[in-house]
Amino acid sequence: MNAFSTGPSPAPAGDRTPTPHPTRISAPSAGTREPLLGAVGLAQPRIEGTAKVTGAVRYSADEPMGDLAHGWTVTSTVTRGRIRDIDTSAALAMPGVLGVIDHRNAPRLDLAAGSFFGPDGGMHLLQTDEIPHSGRPIALVVAETAEQARSAAGTLRVTYDEEPCDVDFSLDHPAARPATSFFGADATVGDVDTELAASAVVVDARYVTPETHGAAMEPHSATAWWEDGRLQIVDSNQGPFLVAMTVAALFRLDPKQVRVRSPHVGGGFGSKSGGCGPQLVLAVMATAMFGRPMRVTLTRSQVFQTVSMRPTTDQRVRIGADSDGRLRAIDHTAAFEVSRLADYLENCTELTNTLYAARAIRTRRTAVPVDILPPYSVRGPGATPGSFALESAMDEVAERLHLDPLELRLRNEPSAGPVSGLPFSRRNLTACLREGARRFGWATRDHRPRTGREGHLLVGTGMAATSFGAGALPSTASITAETDGAFTVAIGASDIGTGARTALTAVAAEALRVPPERIRLLIADSDLGPAWGAGGSRGTTSWSWAITEAAAKLRSRLGGATLPLTVSFDTTESLGELPLMERHSYSAVFCEATVDPATGEVRVRRLLGMFAVGRVINPLLARSQLVGGMIMGLSMALHEEGVRDPATGRHLNTDFAGYHIAAHADVPDIEADFVPDYEPGDPSGIKGVGEIGTVGTAAAIANAVWHATGHRRRTLPIRPDHLIEEQPPP
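Residues numbered from 1 in each chain as written. Predicted model: local features only at pLDDT ≥ 70, side-chain atom pairs only at ≥ 80, totals over all residues. Heavy atoms only, no water.

A. Spatial organisation of the overall build of the protein. Of the regular secondary structure elements, the protein holds 16 helices and 31 strands. Taken against the 2.2 N^0.38 rule, which gives 27 Å for 730 residues, the C-alpha radius of gyration of the protein at 26 Å falls within 12% of a compact globule. If you line up the protein on its principal axes, its C-alpha atoms span 75 × 75 × 50 Å. In the protein, the share of contacts with a sequence separation of at least 24, taken over all contacts with a separation of at least 6, comes to 82%. (Helix = DSSP H or I, 4+ residues; strand = E, 2+ residues; numbered from the N terminus. Rg over C-alpha atoms; globule rule 2.2 N^0.38 Å. Contact = heavy atoms within 4.5 Å.)

Next comes the structure, spelled out in structure tokens:
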């Protein structure tokens, strides 16, 4: 018997999501394939929308389960040191308590297990007495009910040998080292120093962004149990297949023994994409030790303390330009926090390599190890803080040259990848800039700062351009032609609230040339085969590619075939045949903001975003994603800031009372729309929309604040105390 086996347990009820009944429309015929017919391009509500608003949908903490026990996580109250003792006697004597797991009795994990960046000590919980960061899980109290476990957890008495900690991050930190080259080497094109020396104007500035969190509405929760020799898991994550493989590695199991499902996920933003969350590691440990189905759900505070966040960044950007606005040099040095437990890359220089033409471009990425939880992706990783630095610096160049910021960007359009030299598959940034400017009324803007007034308010406008990498990653899909005329489409996709069910149903219907109501979609299950997760704005693109190719394969075999007939398609080979090109989505974001110089309050009045994101599967869902992304960018610009006590290293704002996010009242008028676009390298012509809405928004807002006040804020968030004037204008 496997060391983790506990015998059979009842399986949770399966997902019963109704199929849609949209009106069929004709799709564009762009591309090399025959014209497609189906629901792609139709603005259709989410398939599961009614079930969600009526409470019928079950999230990971809602799955019914017999004989269920509950675990309550206990976290460290010191930032660095060692556990001297954990006194569990009082907890073990309390009603309903089954036991306590800590470093003295926890199952041993494979410390080589990790994610894309190598071994990840953030997942290696309860293995030693060492405390590597504030809020580290140090014990799990297991009881019959969650209330009993929580009450008993409060009686644990933990003593520590505390050690000095270092959370003092900066670009100049003595421990700074070159970052991993996971996404390619740093860029060196031309002679930056010579071009800067020859420039008519040089901007040299530092830009700082704080820790930001992807704490979604649904807290992290996992339920684990053994059934028929297999470890069954229902977990809140962004990619069940990748999580299943990580669990198998971490607990030294045959991958075939592990099944992970994530039927419905209440948001992720990257916080549910990094390997295994602490709730899952602890739940699997507990079910192994106590032989019962086990559920672990994190509190909001625990999510902030134990789940990965976007690291603090400190970036220096130097841009040199001729007097006519032609860029001669861009020099971008970006430093970011990493943990001593794991490597990571916040790729802040991605846009610098692709967005503008310059004679010389140099990028350098620096990792600074400090005593924090391992950071990981948060919406628009790298590109979001990187765009704030680059697009703020571009605005400063325009200011120095007395040039329209829009015109500066148009004058520096590259004909090929500025660093790679590769051709663009399709580059529609100019269309976004021009159409956005037209709709926003940019032509009437007085480009001088501090010229807009409404009573006691200063009024300003700003803009930013951006791109985000597009493409697909290997995925497998299977389609079965059923005897009743329906088609069962199975792919290990994950719907994290983005409407993936609805989009993939439309893609499948179009590819099979049938009405959407004949599609039965199965997703969110690692048993459905390898598939990329919902991350990097590549989820829908990757899954759609696999579905489209499987559908073409099935249609070629349907004539006279005996039903049911199943075919599968793995996109790995197809992706490998793609020619090397620069593939990106593009956007231009425009902002109008007011500043009250007496109070420092910034109010964003208008946000307009124009997007080139390939062929749009569902305009309603895509627009929702982009508007949500822009609101997240607004939140980053004005509100979000993870704060630590510099003396103790502990988090100070681990809830939504102290960690501020944008609310409805912060966004009076926001618009997102599309310019015609198509990705020729993709069978359906699509690109991702999940993250590009966030990427350029903070810079556009910061540029509008400068235009209103005449003062440049290079540190986010832009708080009221940054803008209060001792003698505000009358």
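Additional details are given in the paragraphs that follow.
B. Highlighting the nonpolar core. Counting residues in hydrophobic clusters, the biggest one holds 82 residues, and the most contacted among them are I319 and I701. The leading source of residues in this core is helix α8 (residues 383–401), at nine residues. Residue contacts for I319: discarding those within four places in its chain leaves L196, V201, V202, V203, L327, A329, I330, L390, A393, M394 and V397. By size, the runner-up hydrophobic cluster in this structure holds 37 residues, among which are V507, A534, I547 and I617. (Core = buried A, V, L, I, M, F, W, Y, C linked by side-chain atoms within 4.5 Å. Buried < 20%, exposed > 50% of the residue type's maximum accessible area, 1.4 Å probe, protein only.)

C. Seen up close, the side chain of D314. Here D314 lies in strand β20 (residues 313–321). The exposure class of D314 is buried, given its relative accessible area of 6%. Among the polar contacts made by the side chain of D314, one reaches the main-chain amide nitrogen of L171 at a distance of 3.0 Å. Residues contacting D314, with those up to four places away along its chain left out, are F169, S170, L171, R206, Y207, V208, T333, A334 and A335. (Polar contact = N/O pair within 3.5 Å; in protein donor to acceptor, adjacent residues only side chain to side chain.)

D. Geometry of helix α14 (residues 619–638). With 20 residues, α14 extends 28 Å between its outermost C-alpha atoms, agreeing within 8% with the 28 Å of an ideal straight helix rising 1.5 Å per residue. Burial analysis of α14 places 15 of its 20 residues in the buried class, which makes it a mostly covered element. By the N-cap criterion, in which a side-chain oxygen at the helix start approaches the backbone nitrogen of a residue two or three places on, α14 is capped by N618, the distance to L620 being 3.0 Å. (Expected span 1.5 Å × (residues − 1).)

E. Structural detail: helix α11 (residues 500–512). When the terminal C-alpha atoms of α11 are compared, their 18 Å separation across 13 residues agrees well with the 18 Å that a helix rising 1.5 Å per residue should span. Counting buried positions along α11 yields 13 of 13 residues, so the element is predominantly enclosed. Count one or two residues on from α11 and you reach R513, which has phi positive near 60°.

F. Local environment of the packing of α8 against helix α16 (residues 697–709). At their nearest, the axes of α8 and α16 sit 8 Å apart, and the two run at 35° to each other. In terms of crossing hand, the pair formed by α8 and α16 is right-handed. In this structure, α8 uses S387, F388, E391, S392, D395 and E399 to contact α16, whose residues at the interface are A698, A699, A702, N703 and W706. Tallied by class, residues from the contact of α8 with α16 come to five nonpolar, three polar and three charged. (Axes fitted to C-alpha atoms, helices over the stretch in contact; angles between N-to-C directions. Left-handed = near helix turned anticlockwise from the far one by under 90°. Nonpolar A, V, L, I, M, F, W, Y, C, P; charged D, E, K, R; others polar.)

G. Seen up close, the packing of aromatic side chains. This model, assessed by the stated rule, comprises 14 aromatic pairs. Ring centres of F440 and W442 lie 6.3 Å apart, and the angle between their planes is 45°; on these two criteria the pair is classed as tilted. Classification of W442 as buried rests on a relative accessible area of 3%. One aromatic cluster is present, built from ring pairs that chain together F116, F117, F182, F183, Y344, Y376 and W532. The ring of F424 has R427 lying over it, and the distance from NZ or CZ to the ring centre is 4.8 Å. Its guanidinium or amino end placed over the ring of F440, R606 lies 3.9 Å from that ring's centre, counting from NZ or CZ. (Phe/Tyr/Trp six-rings, centres within 6.5 Å; stacked < 30°, edge-to-face > 60°. Lys NZ or Arg CZ within 6 Å of the ring centre and 35° of its normal.)

H. Representation of the sheet that holds strand β29 (residues 584–596) within the structure. Strand order in this open sheet of five strands is β23-β24-β29-β30-β31, and the pairing throughout is mixed. The open sheet has two edge strands with one neighbour each: β23 (452–454) and β31 (670–674). Strand-to-strand twist in this sheet, taken as the mean axis angle between neighbours without regard to direction, amounts to 25°. Pairing of β29 with strand β30 (residues 601–612) involves 11 bridges; the strand directions are antiparallel. Its bridge partner lying in β30, S587 is registered against F611. Packing against the sheet, α14 makes contact with β29, β30 and β31, and its axis sits at approximately 130° to β31. (Pairing = 2+ DSSP bridges.)

I. Region of the structure containing the environment of R292. In this structure, R292 sits in the loop between α6 (278–290) and β18 (294–297). R292 sits 67 residues away from W225 along the chain, and the two C-alpha atoms are 6.4 Å apart. At 2.8 Å, the side chain of R292 and the side chain of E144 are in polar contact.

J. Here's a closer look at the sheet that holds strand β15 (residues 221–227). Sheet architecture is open: seven strands sit in the order β5-β9-β3-β18-β15-β16-β17, paired in mixed fashion. Both outer strands of the open sheet, β5 (97–101) and β17 (258–261), are each paired with one neighbouring strand and no more. Strand-to-strand twist of the sheet, defined as the mean angle between neighbouring strand axes without regard to direction, takes the value 20°. The pairing of β15 with β18 spans four bridges and is classified as antiparallel. Each bridged residue has a counterpart across the sheet, and for A222 the counterpart in β18 is V296. Along the sheet face, helix α3 (residues 146–153) touches β3 (69–75), β5 and β9 (137–143) and points at about 30° away from the line of β3.

K. Structural view of the side chain of S271. Relative to the elements of secondary structure, S271 occurs in the loop between β17 and α6. Looking at S271, the relative accessible area reads 6%, which means it is buried. Non-local contacts of S271, meaning those with residues more than four positions away in its chain, are made with G214, H220, Q238, V307, S308 and S377.

L. Region of interest: a nonpolar patch on the surface. Taken together, the side chains of F116, F182, F183 and L242 present a nonpolar region at the surface, about 380 Å² in accessible area. Here F183 is to be found in the loop between β11 (177–178) and β12 (188–189). (Patch = residues over 30% accessible without salt bridge, like charges linked within 9 Å, V, L, I, M, F, W, Y side chains within 5 Å. Areas by Shrake-Rupley, 256 points an atom, 1.4 Å probe, with all protein chains shown as cover. Salt bridge = Lys/Arg side-chain N within 4 Å of Asp/Glu carboxyl O.)

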